[in-house]
Amino acid sequence: MATDWKEIGAVKEAQELAYLMWDKNWDEANGGNITYILTEKEATSLNYTIGSGRKVELQIPDAVRGKYILTTSSGSYFRELRDNPDDLIGIVYIPENGDYYEIAFGLEHGNKPTSEFPAHIATHAARLAIDPEQRVVMHNHATNVLTMTHVGPTDERDFTLALWRLIPEALFMFPEGIGMVPYCACGTQHIADLTLEKMKDRKFVIWQYHGVFSAGKSLHDAFGLLESVDKLCGVYLEVIRTGKFNGGINDAELMELANQWGITPREGYLNV
Ligand code: 13P
Ligand code: ZN
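What counts, and at which threshold
The numbering scheme is per chain: residues are counted from 1 as the chain's sequence reads. The naming scheme follows written order: chains are lettered A onward, ligands numbered 1 onward. Note on the predicted model: pLDDT of at least 70 is required for a residue's local features to be given, and 80 or more for side-chain atom pairs to be given and counted; whole-chain, interface and lining totals, by contrast, use all residues. With hydrogens and water excluded, all non-hydrogen atoms of the structure serve as input to the side-chain values. Labels follow the DSSP assignment, with helices taken as runs of H or I lasting at least four residues and strands as runs of E lasting at least two, numbered in each case from the N terminus. The globule rule used here is 2.2 Å times the number of residues to the 0.38 power, and the radius of gyration it is set against is calculated over C-alpha atoms. Categorising residues by exposure relies on relative accessible area from a 1.4 Å probe, with only protein chains included: less than 20% of the type maximum marks a residue as buried, more than 50% marks it as exposed, and the intermediate range marks it as partly exposed. Contacts were defined at the residue level, with two residues in contact if any of their heavy atoms lie within 4.5 Å. To be clear on the numbers: accessible area is Shrake-Rupley with a 1.4 Å probe, and residue cover counts the displayed protein chains and nothing else. Note on charges: Lys and Arg go in the positive column, Asp and Glu in the negative column, and His and the chain ends are not counted at all. Here the site of a charge means atom NZ of a Lys, CZ of an Arg, CG of an Asp or CD of a Glu. A 1.4 Å probe that fits into a set of points on a 1 Å grid over the protein atoms alone but cannot get out defines a cavity; an open set with protein on both sides within 12 Å along at least five of seven lines defines a pocket, and lining residues are those with an atom within 4 Å of a point. Grid points are joined across faces, edges and corners, and a volume is the space filled by probe spheres set on the points. Under the scheme applied, nonpolar residues are Ala, Val, Leu, Ile, Met, Phe, Trp, Tyr, Cys and Pro; charged residues are Asp, Glu, Lys and Arg; polar residues are all the others, including Gly. Donor selection uses N, O and S atoms within 2.8 Å of the metal (3.2 Å for Na, K and Ca). Since no water is included, sites may look incomplete. Here a polar contact means two N or O atoms within 3.5 Å. Within protein one must be a hydrogen donor candidate and the other an acceptor candidate, and residues neighboring in sequence count only if both atoms are side-chain atoms. Strand pairing is assigned whenever DSSP identifies at least 2 bridges connecting the two strands. Lines fitted to C-alpha atoms define the axes here, with helix axes fitted over just the stretch in contact, and angles between the N-to-C directions of these axes take values from 0 to 180 degrees. One heavy atom within 4 Å of a molecule or strand makes the whole residue count as near it. If over half the atoms of a molecule are within 2 Å of the grid points of a cavity or pocket, the molecule is regarded as sitting in it.

**Re the overall build of the protein chain**
Right, so step 1: When you go through the protein chain residue by residue, the secondary structure sums to ten helices and nine strands.
Right, so step 2: By the compact-globule yardstick of 19 Å for 272 residues, the protein chain fits well, its C-alpha radius of gyration being 19 Å.
Right, so step 3: Along the first, second and third principal axes, the C-alpha set of the protein chain runs to 60 × 35 × 35 Å.
Right, so step 4: Of all 272 residues assigned to the protein chain, the portion counted as buried reaches 53%.
Right, so step 5: Restricting the contact set of the protein chain to residue pairs at least 6 apart, pairs at least 24 apart contribute 73%.
Right, so step 6: Here the protein chain displays about 12200 Å² of accessible surface, and carbon together with sulfur accounts for 49% of that area.
Right, so step 7: Within the protein chain, the 38 negative side-chain charges are centred at a point lying 1 Å from the centre of the 24 positive side-chain charges.

Shown next, in the form of C-alpha coordinates:
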(Lines give C-alpha, C1' and ligand atoms only; values in the text may rest on other atoms or scores of the structure.)
(Ligands and ions follow the chains in the order given, each with its own letter.)
Protein backbone atom coordinates (compact mmCIF):
# COMPACT_ATOMS: atom_id res chain seq x y z
CA MET A 1 0.00 0.00 0.00
CA ALA A 2 1.23 3.50 -0.82
CA THR A 3 2.24 5.83 2.00
CA ASP A 4 0.25 9.03 2.49
CA TRP A 5 2.80 11.75 1.62
CA LYS A 6 1.73 13.83 4.63
CA GLU A 7 2.75 10.96 6.93
CA ILE A 8 6.40 11.24 5.92
CA GLY A 9 8.38 12.40 8.97
CA ALA A 10 10.07 15.28 7.15
CA VAL A 11 6.70 16.73 6.11
CA LYS A 12 5.55 16.94 9.70
CA GLU A 13 8.94 18.21 10.83
CA ALA A 14 8.90 20.94 8.17
CA GLN A 15 5.43 22.04 9.32
CA GLU A 16 6.55 22.31 12.94
CA LEU A 17 9.78 24.04 12.03
CA ALA A 18 7.95 26.54 9.81
CA TYR A 19 5.80 27.55 12.76
CA LEU A 20 8.82 27.82 15.04
CA MET A 21 10.66 29.98 12.51
CA TRP A 22 7.62 32.22 12.09
CA ASP A 23 7.50 32.51 15.90
CA LYS A 24 11.13 33.62 15.86
CA ASN A 25 10.07 36.45 13.50
CA TRP A 26 12.22 35.05 10.68
CA ASP A 27 9.34 34.22 8.31
CA GLU A 28 6.97 37.16 8.28
CA ALA A 29 3.99 36.77 5.92
CA ASN A 30 5.14 34.45 3.11
CA GLY A 31 8.86 35.03 3.79
CA GLY A 32 10.97 31.86 3.74
CA ASN A 33 10.89 28.48 2.05
CA ILE A 34 12.07 24.92 2.71
CA THR A 35 12.98 22.02 0.44
CA TYR A 36 13.87 18.44 1.31
CA ILE A 37 14.98 15.63 -1.00
CA LEU A 38 13.14 12.45 -0.10
CA THR A 39 15.17 9.33 0.65
CA GLU A 40 14.91 6.46 -1.87
CA LYS A 41 12.79 4.56 0.62
CA GLU A 42 10.38 7.47 1.17
CA ALA A 43 10.12 8.13 -2.57
CA THR A 44 9.40 4.49 -3.42
CA SER A 45 6.76 4.22 -0.71
CA LEU A 46 4.70 6.95 -2.39
CA ASN A 47 3.93 4.92 -5.56
CA TYR A 48 3.74 8.00 -7.81
CA THR A 49 2.97 7.33 -11.47
CA ILE A 50 5.59 9.31 -13.39
CA GLY A 51 3.98 11.62 -15.95
CA SER A 52 0.68 11.91 -14.13
CA GLY A 53 1.34 15.22 -12.33
CA ARG A 54 0.97 18.85 -13.40
CA LYS A 55 4.07 19.87 -15.39
CA VAL A 56 5.92 23.16 -14.80
CA GLU A 57 8.83 24.33 -16.97
CA LEU A 58 12.17 25.05 -15.27
CA GLN A 59 15.91 24.78 -15.94
CA ILE A 60 16.99 21.63 -14.07
CA PRO A 61 20.53 20.84 -12.83
CA ASP A 62 21.42 17.20 -13.61
CA ALA A 63 22.30 16.36 -9.99
CA VAL A 64 18.65 16.52 -8.88
CA ARG A 65 17.21 14.44 -11.75
CA GLY A 66 15.11 11.48 -10.67
CA LYS A 67 14.59 12.98 -7.19
CA TYR A 68 11.39 13.70 -5.30
CA ILE A 69 11.57 17.06 -3.54
CA LEU A 70 9.35 18.32 -0.77
CA THR A 71 8.79 22.07 -1.13
CA THR A 72 6.80 24.86 0.45
CA SER A 73 4.52 26.71 -1.93
CA SER A 74 5.12 30.17 -3.28
CA GLY A 75 3.14 32.59 -1.14
CA SER A 76 2.78 30.16 1.78
CA TYR A 77 2.57 31.76 5.21
CA PHE A 78 4.81 29.72 7.51
CA ARG A 79 2.41 30.46 10.35
CA GLU A 80 -0.24 28.44 8.47
CA LEU A 81 1.78 25.48 7.19
CA ARG A 82 0.66 23.22 10.02
CA ASP A 83 -3.01 23.85 9.26
CA ASN A 84 -3.05 23.57 5.49
CA PRO A 85 -0.40 21.19 4.13
CA ASP A 86 -2.48 20.24 1.07
CA ASP A 87 -2.18 23.74 -0.39
CA LEU A 88 0.98 25.07 1.20
CA ILE A 89 3.37 22.13 0.80
CA GLY A 90 3.87 19.49 -1.86
CA ILE A 91 6.20 16.99 -3.45
CA VAL A 92 7.54 17.45 -6.95
CA TYR A 93 9.19 14.84 -9.14
CA ILE A 94 12.18 15.88 -11.25
CA PRO A 95 12.27 13.81 -14.45
CA GLU A 96 15.40 12.18 -15.86
CA ASN A 97 15.12 14.31 -19.02
CA GLY A 98 13.62 17.66 -19.96
CA ASP A 99 13.52 21.10 -18.40
CA TYR A 100 10.42 20.74 -16.29
CA TYR A 101 9.19 19.11 -13.10
CA GLU A 102 5.94 17.41 -12.14
CA ILE A 103 3.77 18.29 -9.16
CA ALA A 104 3.20 14.84 -7.70
CA PHE A 105 1.46 15.55 -4.36
CA GLY A 106 -0.01 18.57 -2.58
CA LEU A 107 0.35 22.16 -3.87
CA GLU A 108 -3.39 22.01 -4.48
CA HIS A 109 -5.57 24.77 -5.93
CA GLY A 110 -2.97 25.63 -8.57
CA ASN A 111 -0.17 26.36 -6.09
CA LYS A 112 3.44 26.18 -7.24
CA PRO A 113 6.76 25.58 -5.43
CA THR A 114 8.48 28.55 -3.83
CA SER A 115 9.67 31.31 -6.16
CA GLU A 116 13.17 30.48 -4.86
CA PHE A 117 12.93 26.91 -6.19
CA PRO A 118 15.71 27.61 -8.77
CA ALA A 119 18.09 28.62 -5.96
CA HIS A 120 17.02 25.63 -3.87
CA ILE A 121 17.66 23.05 -6.59
CA ALA A 122 20.93 24.79 -7.49
CA THR A 123 21.99 24.55 -3.84
CA HIS A 124 20.94 20.89 -3.67
CA ALA A 125 23.01 20.20 -6.79
CA ALA A 126 26.08 21.84 -5.21
CA ARG A 127 25.66 20.09 -1.85
CA LEU A 128 24.88 16.63 -3.31
CA ALA A 129 28.22 16.77 -5.10
CA ILE A 130 29.88 17.04 -1.65
CA ASP A 131 27.67 14.57 0.19
CA PRO A 132 24.70 12.57 -1.20
CA GLU A 133 23.11 12.71 2.28
CA GLN A 134 22.73 16.51 2.23
CA ARG A 135 19.01 16.77 1.53
CA VAL A 136 17.77 20.01 3.12
CA VAL A 137 17.84 23.66 2.10
CA MET A 138 16.07 26.45 3.95
CA HIS A 139 15.77 30.14 3.23
CA ASN A 140 14.35 32.92 5.36
CA HIS A 141 14.85 36.44 6.62
CA ALA A 142 16.55 35.66 9.96
CA THR A 143 16.41 39.04 11.62
CA ASN A 144 19.89 39.40 13.08
CA VAL A 145 21.59 38.12 9.93
CA LEU A 146 19.55 40.47 7.76
CA THR A 147 20.36 43.41 10.06
CA MET A 148 24.04 42.56 10.01
CA THR A 149 24.09 42.69 6.20
CA HIS A 150 23.10 46.35 6.57
CA VAL A 151 25.68 47.37 9.17
CA GLY A 152 28.36 44.65 9.30
CA PRO A 153 31.23 43.65 7.00
CA THR A 154 30.23 43.31 3.35
CA ASP A 155 33.16 41.07 2.46
CA GLU A 156 32.49 37.37 3.15
CA ARG A 157 35.92 36.77 4.73
CA ASP A 158 35.50 39.73 7.09
CA PHE A 159 31.92 38.64 7.85
CA THR A 160 33.07 35.10 8.70
CA LEU A 161 35.97 36.31 10.84
CA ALA A 162 33.67 38.70 12.73
CA LEU A 163 31.57 35.69 13.79
CA TRP A 164 34.48 33.30 14.41
CA ARG A 165 35.91 35.81 16.91
CA LEU A 166 32.76 35.82 19.06
CA ILE A 167 32.69 32.25 20.41
CA PRO A 168 34.93 29.17 19.92
CA GLU A 169 32.13 26.99 18.50
CA ALA A 170 31.63 29.30 15.49
CA LEU A 171 34.81 28.00 13.88
CA PHE A 172 33.70 24.44 14.58
CA MET A 173 30.25 24.98 13.04
CA PHE A 174 31.41 26.63 9.83
CA PRO A 175 35.19 26.21 9.32
CA GLU A 176 34.61 26.62 5.57
CA GLY A 177 33.22 30.11 6.23
CA ILE A 178 30.00 31.83 5.26
CA GLY A 179 29.39 32.81 1.64
CA MET A 180 27.94 36.16 0.67
CA VAL A 181 25.94 36.85 -2.50
CA PRO A 182 25.98 40.62 -3.11
CA TYR A 183 22.55 42.20 -3.41
CA CYS A 184 20.63 41.29 -6.56
CA ALA A 185 17.01 40.54 -7.42
CA CYS A 186 15.64 37.39 -5.84
CA GLY A 187 13.58 34.61 -7.43
CA THR A 188 15.80 34.59 -10.53
CA GLN A 189 18.09 32.08 -12.25
CA HIS A 190 20.89 34.64 -11.77
CA ILE A 191 20.72 34.53 -7.96
CA ALA A 192 20.39 30.73 -8.18
CA ASP A 193 23.62 30.54 -10.21
CA LEU A 194 25.48 32.80 -7.74
CA THR A 195 24.20 30.74 -4.79
CA LEU A 196 25.29 27.49 -6.45
CA GLU A 197 28.87 28.79 -6.82
CA LYS A 198 29.04 29.73 -3.12
CA MET A 199 27.43 26.46 -1.98
CA LYS A 200 30.03 24.32 -3.76
CA ASP A 201 32.23 24.53 -0.67
CA ARG A 202 30.01 26.04 2.02
CA LYS A 203 26.74 25.11 3.68
CA PHE A 204 25.64 28.60 4.68
CA VAL A 205 25.20 31.53 2.30
CA ILE A 206 23.82 35.00 2.97
CA TRP A 207 21.97 37.04 0.40
CA GLN A 208 22.91 40.65 1.14
CA TYR A 209 19.94 42.78 2.25
CA HIS A 210 17.64 39.74 2.07
CA GLY A 211 18.33 36.63 4.12
CA VAL A 212 19.94 33.24 4.47
CA PHE A 213 20.37 29.91 2.71
CA SER A 214 21.21 27.09 5.08
CA ALA A 215 21.91 23.54 3.91
CA GLY A 216 22.28 20.30 5.83
CA LYS A 217 21.67 16.58 6.05
CA SER A 218 18.43 17.07 7.97
CA LEU A 219 16.00 19.84 8.85
CA HIS A 220 17.44 19.62 12.36
CA ASP A 221 20.98 20.25 11.01
CA ALA A 222 20.12 23.14 8.70
CA PHE A 223 18.00 24.79 11.38
CA GLY A 224 20.72 24.36 14.03
CA LEU A 225 23.25 26.08 11.80
CA LEU A 226 20.81 28.85 11.02
CA GLU A 227 19.90 29.57 14.63
CA SER A 228 23.58 29.55 15.58
CA VAL A 229 24.52 32.05 12.87
CA ASP A 230 21.56 34.25 13.76
CA LYS A 231 22.54 34.19 17.43
CA LEU A 232 26.11 35.20 16.58
CA CYS A 233 24.90 38.04 14.35
CA GLY A 234 22.74 39.18 17.28
CA VAL A 235 25.78 39.19 19.56
CA TYR A 236 27.77 41.13 16.94
CA LEU A 237 25.01 43.75 16.77
CA GLU A 238 24.93 44.05 20.56
CA VAL A 239 28.69 44.53 20.61
CA ILE A 240 28.41 47.25 17.96
CA ARG A 241 25.68 48.96 19.97
CA THR A 242 27.88 49.23 23.05
CA GLY A 243 30.56 50.98 21.00
CA LYS A 244 33.24 48.83 22.67
CA PHE A 245 34.88 45.60 21.57
CA ASN A 246 37.76 43.71 23.16
CA GLY A 247 38.67 42.11 19.85
CA GLY A 248 37.45 38.62 20.62
CA ILE A 249 39.34 35.43 19.76
CA ASN A 250 42.44 36.26 17.71
CA ASP A 251 43.87 34.40 14.71
CA ALA A 252 46.47 32.43 16.71
CA GLU A 253 43.80 31.34 19.19
CA LEU A 254 41.48 30.31 16.34
CA MET A 255 44.26 28.23 14.79
CA GLU A 256 44.92 26.61 18.17
CA LEU A 257 41.23 25.61 18.32
CA ALA A 258 41.37 24.27 14.76
CA ASN A 259 44.37 22.09 15.68
CA GLN A 260 42.68 20.88 18.86
CA TRP A 261 39.56 19.86 16.90
CA GLY A 262 41.36 18.63 13.78
CA ILE A 263 39.48 20.99 11.47
CA THR A 264 40.79 23.19 8.67
CA PRO A 265 39.75 26.85 8.63
CA ARG A 266 39.07 28.19 5.13
CA GLU A 267 42.39 28.83 3.42
CA GLY A 268 43.61 32.43 3.55
CA TYR A 269 41.23 33.49 6.32
CA LEU A 270 43.64 33.39 9.27
CA ASN A 271 46.90 35.31 9.36
CA VAL A 272 49.06 32.78 11.23
P1 13P B 1 7.95 32.33 -1.67
O2 13P B 1 6.66 32.70 -0.96
O3 13P B 1 7.76 32.28 -3.17
O4 13P B 1 8.55 31.09 -1.09
O5 13P B 1 8.95 33.53 -1.45
C6 13P B 1 9.32 33.93 -0.17
C7 13P B 1 10.67 34.52 -0.12
O8 13P B 1 11.23 34.61 0.95
C9 13P B 1 11.30 34.99 -1.36
O10 13P B 1 12.66 35.25 -1.19
ZN1 ZN C 1 13.16 35.71 0.91
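**Quick notes on the layout of surface pockets**
Right, so step 1: Put simply, the largest pocket is a space of about 210 Å³.
Right, so step 2: Considering every element that reaches the lining of the largest pocket, the biggest residue donor is helix H2 (residues 40–46), with three residues.
Right, so step 3: For the lining of the largest pocket, a count of residues per class yields six nonpolar, three polar and four charged.
Right, so step 4: Considering only enclosed or pocket space, the second largest pocket measures out at about 150 Å³ in volume.
Right, so step 5: Around the second largest pocket, the lining comprises 16 residues; the ones closest to its centre are Asn 30, Gly 32, Asn 33, Ser 115 and Glu 116.

**Thoughts on the environment of Asp 83**
Right, so step 1: Structurally, Asp 83 can be placed in the loop between strand S3 (68–72) and helix H3 (85–88).
Right, so step 2: In this structure, the C-alpha to C-alpha distance between Asp 83 and Gln 15, residues 68 residues apart in sequence, is 8.6 Å.

**Quick notes on the coordination of the zinc ion (ligand 2)**
Right, so step 1: With distances of 2.1 to 2.2 Å, the protein atoms coordinating the zinc ion (ligand 2) are His 139 (NE2), His 141 (NE2) and His 210 (NE2).
Right, so step 2: Mapped onto the sequence, the donors of the zinc ion (ligand 2) take the spacing H-x1-H-x68-H.

**As for the side chain of Thr 160**
Right, so step 1: Topologically, Thr 160 is positioned in helix H6 (residues 156–164).
Right, so step 2: Thr 160 sits in the buried class, given a relative accessible area of 0%.
Right, so step 3: A distance of 3.0 Å separates the side chain of Thr 160 from the backbone nitrogen of Ile 178, its partner in a polar contact.
Right, so step 4: Residues within four places of Thr 160 in sequence aside, it is in contact with Phe 174, Gly 177, Ile 178 and Tyr 269.

**A few points about the sheet that holds strand S2 (residues 54–57)**
Right, so step 1: Taken together, nine strands build an open sheet; the order of strands is S2-S5-S4-S3-S1-S6-S9-S8-S7 and the sheet is mixed. Two strands bound the open sheet, and with one partner strand each, they are S2 and strand S7 (179–181). With direction set aside, neighbouring strand axes in the sheet form an average angle of 25°.
Right, so step 2: Of the pairings in the sheet, the one linking S2 to strand S5 (residues 100–106) comprises four bridges and is antiparallel in character. By the bridge assignment for S5, Lys 55 is matched with Glu 102.

**Some thoughts on the side chain of Asp 251**
Right, so step 1: As for its position among the elements, Asp 251 is in helix H10 (residues 251–261).
Right, so step 2: Residue classification places Asp 251 among the buried residues on the basis of a relative accessible area of 11%.
Right, so step 3: Among residues more than four places away in sequence, those in contact with Asp 251 are Arg 165, Tyr 269, Leu 270, Asn 271 and Val 272.

**Observations concerning the pairing of strand S6 (residues 136–140)**
Right, so step 1: Buried residues dominate S6, accounting for five of its five residues.
Right, so step 2: Both faces of S6 are covered, namely the face carrying Val 136, Met 138 and Asn 140 and the face carrying Val 137 and His 139.
Right, so step 3: Two strands pair when backbone bridges link them, and strand S1 (residues 33–37) and S6 are joined in this way by four bridges, in the antiparallel orientation. Paired with Ile 34 across the two strands is Met 138, which belongs to S6.
Right, so step 4: Here five bridges tie S6 to strand S9 (residues 211–216), and the two strands are oriented antiparallel to one another.

**A few points about the site of ligand 1**
Right, so step 1: Around ligand 1 sit Asn 30, Gly 31, Gly 32, Asn 33, Ser 74, Gly 75, Thr 114, Ser 115, Glu 116, His 139, His 141 and His 210, and those are all the residues in its vicinity.
Right, so step 2: Contact between ligand 1 and Ser 115: an oxygen atom at 2.7 Å from a side-chain N or O atom of the residue.
Right, so step 3: His 141 has a polar side-chain atom sitting 3.1 Å from an oxygen atom of ligand 1.
Right, so step 4: Coverage of ligand 1 by the protein chains reaches 93% of its 310 Å² of free accessible surface.
Right, so step 5: Placement of ligand 1 is best described as lying within the second largest pocket.

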